[in-house]
Amino acid sequence: MQLQEQVIKLVAETTKLDTNNIKVQSHFIDDLHLDSLDMVELMMKMEDEFGLEIPEKDAEKLKTINDVIGFIQTHKK
Amino acid sequence: MNIHRVVVTGLGAVSGTGLNVESNWHSLLAGISGVKRVSESDYPDEVETIPFPVTILGKPKNFLLEEELLSARESGRYDLFIHYALKAAQEALAHGELLDLNKSPYERSRMGVILGVGMGGFPFIEKQYRELLKKSRPKTNPFFITSVIPNMAPGLISMRFGLEGANFAVSSACASSGHAILNAFQLIQLGQQDVILAGGSEAVFTKLTTSGFATIKALSTRDVDPEQASCPFDRDRDGFVMGEGSGILLLENRESAIKRGAKILAEIVSVGLSSDAYHVTAPHPDGKGAINSMKQALEIAKIPPEEVDYINAHGTSTPIGDKIESQAIKTVFGKHAYELNISSTKSMTGHLLGAAAGLESVICVKSLLTQSIAPTINLKNPDPECDLNYTPNTMAKKSIKYAMNNSFGFGGTNTSILFKSADA
């Protein structure tokens, strides 16, 4: 599965949102209406799924699905 | 200072005997037990290395909370006792026609929620701990803390229904809901709040919790059908059967309730309380705690013992507890103890621990409304030391003006709530 598909699927599973409503440009807060606790949960799931660490200061900058995909591509071993 | 009268204008209940008040009451009057066999496969999150010490439970059947109360995403974030509380709270508010706050005459800051929770989110606590042990860093599901703390039940209710007044949970083991109702009653009496959802919720059927109770021989373990295990006041009783669920009363200032045209279901006239000051689990052998709690309820209400027609007993089906409670009732009520009706609905619902007094208060109000008494089932061989009228096995029709609900908890904590019929 492509990284993009993987990330969207993970977001859908965590947030119980429909994959059809999640685009790569989707903004977690403005479009998907996630709150701060939702974001903590999502980042943790990303860390577990892709085997990497997302430090606080980096996590704060990940506002969209694209941002997450970019981060994973850069940091995945 | 002006003491306001407090009435009940709504009821909500979820338990093994029904998912709402009417189905509960129907089963209870018919003497139908909600205690069933549960299996390991019902609890896939539990450890596999040891078995449950008991496999019977009074569990709400096919319980699922509607999307509007908890969305699919939120559902997994709050432990079961919170789900039950939300359901019962919604039912009570709808019953009292206060679900739509835009149509309510009250200020939201004067509408509160106070619930008794004896133990709280044990299932999630245990699950999260097991998850943590598998990890290499100190992180949990971000919703862990907020899913297990007892006051999240009143918290979620206030969020869902927009109630901005008093908001807290009360804890006193099996008397928790009794004290929650007491707190709510007094806040309305004093005029500090106008409406309060008061009762309790509990769901702690886990291997850890049941092992804890089983180790101190508090649970029934004899080999009978699940429906027959809970037999308060019977010679063969051997411990309580766990139940889970929620029971909530909508309590309201009587004057303003009448003014808005609410239907008055019953009145709370007093709540007696006491402590045995004796032992962590056993009641005082002289029944001091129970005696004082019941006496205080009568004294505050200024009514003679002969006016009480029905006592919904604590009656957990333990060898010592049932005997002491019977003795205490005889001490407080004298000859009248043999004339009034007693019943332990725990014979059908099981023991809801912190939620017991909440559910049993709903049952007392239904008794007053229908002038009927739900039986103590499984009373086949009465214990000679328990010789009162426990409304054995079949329901009774009776003129009831005052009904009392007893709840006694570990630590020797006691409450006795006295209800009066709305028509009296």
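If you're wondering where the values come from, they're calculated on a predicted model, not measured in any experiment. (Residues numbered from 1 in each chain as written. Chains lettered and ligands numbered in written order. Predicted model: local features only at pLDDT ≥ 70, side-chain atom pairs only at ≥ 80, totals over all residues.)

J.: Looking at this model, I keep getting lost on the overall build of chain B. Mind explaining?
T.: In terms of regular secondary structure, chain B is built from 13 helices and 14 strands. Over its C-alpha trace chain B gives a radius of gyration of 20 Å, about what one expects of a compact globule, namely 22 Å for 424 residues. Each principal axis of the C-alpha distribution contributes one length, and for chain B these read about 65 × 55 × 40 Å. Taking all 424 residues of chain B together, the buried fraction comes to 58%. Counting only contacts in chain B whose residues sit at least 6 apart along the sequence, the fraction spanning at least 24 positions is 79%. (Helix = DSSP H or I, 4+ residues; strand = E, 2+ residues; numbered from the N terminus. Rg over C-alpha atoms; globule rule 2.2 N^0.38 Å. Buried ≥ 20, exposed ≤ 12 C-beta atoms within 10 Å, placed from the backbone. Contact = placed C-beta atoms within 7 Å.)

J.: Can you help me understand the sheet that holds strand β7 (residues 245-253) of chain B in this one?
T.: Across a sheet, paired strands are connected by hydrogen bonds in the backbone, their directions being either parallel or antiparallel. All names here are of chain B. The mixed open sheet is built from 10 strands, whose spatial order is β5-β4-β6-β7-β1-β8-β14-β13-β9-β10. Strands with a single pairing partner mark the edges of an open sheet, and in this sheet they are β5 (167-170) and β10 (341-343). Taking each pair of neighbouring strands and ignoring which way they run, the sheet shows an average axis angle of 25 degrees. Sheet analysis places strand β6 (residues 195-202) next to β7, joined by eight bridges and oriented antiparallel. Directly across from Val 195, in β7, lies its bridge partner Glu 252. Each of β1 (6-14), β4 (111-116), β5, β6, β7, β8 (266-275), β13 (402-409) and β14 (413-421) is contacted by helix α7 (residues 176-189), which is oriented at about 175 degrees to β6, the strand it contacts most. (Pairing = 2+ DSSP bridges. Axes fitted to C-alpha atoms, helices over the stretch in contact; angles between N-to-C directions.)

J.: How should I be thinking about the interface of chain A and chain B in this particular structure?
T.: The figure often quoted for interface size is the accessible area lost as the parts come together. Counting residues at the interface gives six residues for chain A, matched by six residues for chain B. In the side of chain A that touches chain B, the residues fall into three nonpolar, one polar and two charged. (Nonpolar A, V, L, I, M, F, W, Y, C, P; charged D, E, K, R; others polar.)

J.: Just checking my understanding: could you explain the environment of B:Ile324 for this structure?
T.: All names here are of chain B. As for its position among the elements, Ile 324 is in helix α11 (residues 319-333). The buried category is assigned to Ile 324, around which 25 C-beta atoms lie within 10 Å. Placed 222 residues apart in sequence, Ile 324 and Asn 102 show a C-alpha to C-alpha distance of 49 Å. Here Ile 324 is in contact with Pro 283, Gly 287 and Ala 290, once residues within four sequence places are set aside.

J.: I'm lost on the packing of helix α3 (residues 80-95) of chain B against helix α6 (residues 152-161) of chain B in this one. Help?
T.: Two numbers describe a pair of packed helices, the interaxial angle and the distance between the axes. Residue and element names in this part refer to chain B. Remark: α3 packs on α6, axes separated minimally by 9 Å, with the N-to-C direction vectors making an angle of 45 degrees. Taken as axis vectors, α3 and α6 run oblique relative to one another. Remark: the crossing between α3 and α6 carries right-handed chirality. Residue-level inspection shows Phe 81, Ile 82, Ala 85, Leu 86, Ala 89 and Leu 93 of α3 in contact with α6, the latter providing Met 152, Ala 153, Leu 156, Ile 157, Arg 160 and Phe 161. Residues belonging to the contact of α3 with α6 are distributed by class as follows: 11 nonpolar, no polar and one charged. (Parallel < 35°, antiparallel > 145°, perpendicular 65-115°, else oblique. Left-handed = near helix turned anticlockwise from the far one by under 90°.)

J.: Please explain the nonpolar core as it appears in this structure.
T.: In globular proteins that are soluble, nonpolar side chains generally tend to be buried together. B:Ile196, B:Leu249 and B:Leu251 are the most contacted members of the largest nonpolar core, which totals 127 residues. No other element matches α3(B), which puts 10 residues into this core. When residues of this core are assigned to domains, at least three fall in each of domain 1 (6-259) and domain 2 (270-421) of chain B. Residues in contact with B:Leu249, not counting those within four places in the same chain, are B:Val8, B:Leu11, B:Ala92, B:Ile181, B:Ala198, B:Gly199, B:Ser361, B:Val362 and B:Val365. If you look at the next biggest cluster of nonpolar residues, it comprises 12 residues, including A:Val7, A:Val11, A:Met43 and A:Met46. (Core = buried A, V, L, I, M, F, W, Y, C linked by C-beta atoms within 7 Å. Domains from an automatic or database assignment.)

J.: Looking at this model, I keep getting lost on α6(B). Mind explaining?
T.: Residues spaced three or four apart along an α-helix point in a common direction, a consequence of the helix completing one turn every 3.6 residues. Residues and elements named next belong to chain B. With eight of 10 residues buried, α6 is to be regarded as a mostly interior element. Among the residues making up α6, those that are buried are Met 152, Ala 153, Pro 154, Gly 155, Leu 156, Ile 157, Ser 158 and Phe 161. On its buried face, α6 is in contact with α3, β4, α5 (144-148), β5 and β6. Trailing α6 by a residue or two, Gly 162 shows a phi angle of about 70 degrees, which is positive.

J.: Looking at this model, I keep getting lost on the domain arrangement of chain B. Mind explaining?
T.: Residue and element names in this part refer to chain B. The domain architecture assigned to chain B consists of domain 1 (6-259) and domain 2 (270-421). Computed from C-alpha coordinates alone, the two centres of domain 1 and domain 2 are separated by 21 Å. At the junction of the two partners, domain 1 supplies 63 residues and domain 2 supplies 58 residues. Broken down by secondary-structure element, the contributors of at least two residues to the side of domain 1 that touches domain 2 are β1, α1 (21-29), β3 (56-58), α7, β6 and β7. Looking at the side of domain 1 that touches domain 2 residue by residue, the classes come out as 29 nonpolar, 27 polar and seven charged.

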